[in-house]
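Each chain is listed here by its residues.
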Amino acid sequence: MTMVPITPHWRQRKALRNEQILAAAFDVFAAHGYAETRLDEVAKRAGVAKGTIYLYFKNKEQLFRAVARSLIQKRFDALVGTFRGTAPELLRELLSRMYSQIVRNDRARSIVRLMLAESGKFPRLSEIYHREIIAPGIKAVRQVLKRGIASGEFRKTPAVEFPQILVAPGILAIVWKLLHGDRHRLDLNAYLQAHLDFVLCSVRKKQV
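Residues numbered from 1 in each chain as written. Predicted model: local features only at pLDDT ≥ 70, side-chain atom pairs only at ≥ 80, totals over all residues. Heavy atoms only, no water.

**A few points about the overall build of the protein chain**
The number of helices and strands found in the protein chain is 10 helices and 0 strands. Each helix and strand of the protein chain, placed in order from N terminus to C terminus, yields the pattern α-α-α-α-α-α-α-α-α-α. With the principal axes as the frame, the protein chain shows a C-alpha extent of 70 × 60 × 30 Å. Looking at the protein chain as a whole, 41% of its 208 residues are labelled buried. Partitioning the intrachain contacts of the protein chain with sequence separation of at least 6 by distance along the chain shows that 68% fall at a separation of at least 24. Total accessible area on the protein chain is roughly 12,400 Å²; 57% of this is exposed by carbon and sulfur atoms. Considering the protein chain, the positive charge centre built from 36 side chains and the negative charge centre built from 18 side chains are found 4 Å apart. (Helix = DSSP H or I, 4+ residues; strand = E, 2+ residues; numbered from the N terminus. Buried < 20%, exposed > 50% of the residue type's maximum accessible area, 1.4 Å probe, protein only. Contact = heavy atoms within 4.5 Å. Areas by Shrake-Rupley, 256 points an atom, 1.4 Å probe, with all protein chains shown as cover. Lys, Arg positive; Asp, Glu negative; His and termini not counted. Charge placed at Lys NZ, Arg CZ, Asp CG, Glu CD.)

As structure tokens, then:
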């Protein structure tokens, strides 16, 4: 009989407490911005003593980094290493995941709003966001393009050097939502399909 390992209660409590702090921190960051966020308010919202936060995060910057990291459930670069389909299928899955995890994610958009408003005053915020969110995404798209070129599925394209071009419509959708809310709503299902069609038609190797 196979024994299922049981997670000790203290580890479960620690994981739960970490999640509570991150959820509270997101709410406070989203409501007040980075500059005005105070750890004592995060602690109050999480239902813990302020000192408890320092058992998990040494300062506000590290807490923000953890909040940003928590927004991505499945890292984009990890998908590339495990996907077994064709390069076009992988690129389609990668961009679709971008929409599900970022474009459609209210929490992720709130962090983007914070970044646009405050990264000029706090350059390290943009570095954190770049390291945790943007860089893995750019790396993943570049790897997919290189895989497709090597397999003969994609043509050689300068987009390998500038993967941002391929994800730009998704960024536009985020900004559109931030600016207009539901007043000028995008049909994201149709928009995503248009995005995928545009990208795949652009990079596929033309048949002779």
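**What to know about the nonpolar core**
Judged by nonpolar contacts, the single largest core of 61 residues is most densely connected at Phe29, Val42, Leu63, Phe64, Leu91, Ile111 and Leu145. Contacts of Leu91, omitting those with residues within four sequence positions, involve Val144, Phe154, Val199, Leu200 and Val203. (Core = buried A, V, L, I, M, F, W, Y, C linked by side-chain atoms within 4.5 Å.)

**Brief notes about the packing of aromatic side chains**
Applying the stated criterion to the full structure yields 6 aromatic pairs. Their ring planes at 5 degrees and their centres at 5.8 Å tell us that Phe29 and Tyr34 sit as a pair that is stacked. Judged by relative accessible area, which is 8%, Tyr34 ranks as buried. An aromatic cluster of three or more residues is present, and its members are Phe29, Tyr34, Phe64 and Phe122. It is Lys60 that lies over the ring of Tyr34; its NZ or CZ is 4.5 Å from the centre. Across from the ring centre of Phe26, 3.9 Å away, lies the NZ or CZ of Arg107, which sits over that ring. (Phe/Tyr/Trp six-rings, centres within 6.5 Å; stacked < 30°, edge-to-face > 60°. Lys NZ or Arg CZ within 6 Å of the ring centre and 35° of its normal.)

**A word on empty space enclosed by the protein**
This structure, assessed with the given rule, holds 1 cavity of 30 Å³ or more. For the lining of the largest cavity, the elements supplying multiple residues, two or more each, are helix H7 (106-118) and helix H8 (123-151). (1 Å grid on protein atoms, 1.4 Å probe; cavity = no way out; pocket = protein on both sides within 12 Å on 5 of 7 lines; lining within 4 Å. Points joined across faces, edges and corners; volume = space filled by probe spheres on them.)

**A few points about the layout of surface pockets**
The computed volume of the largest pocket comes to approximately 530 Å³. Lining of the largest pocket is provided by 21 residues; of these, Tyr129, Ile133, Ile134, Ile171 and Ile174 occupy positions nearest its centre. Those elements that provide at least two residues to the lining of the largest pocket are helix H6 (87-103), H7, H8 and helix H9 (164-180). Residue contributions to the lining of the largest pocket peak at 7 residues, all from H8. For the lining of the largest pocket, a count of residues per class yields 17 nonpolar, 4 polar and no charged. Counted as a void, the second largest pocket has a volume near 160 Å³. Forming the boundary of the second largest pocket are Val103, Arg104, Arg109, Ala173, Trp176, Lys177, Gly181, Asp182, His184, Arg185, Leu186 and Leu188. The greatest single-element share of the lining of the second largest pocket, amounting to 3 residues, is contributed by H9. (Nonpolar A, V, L, I, M, F, W, Y, C, P; charged D, E, K, R; others polar.)

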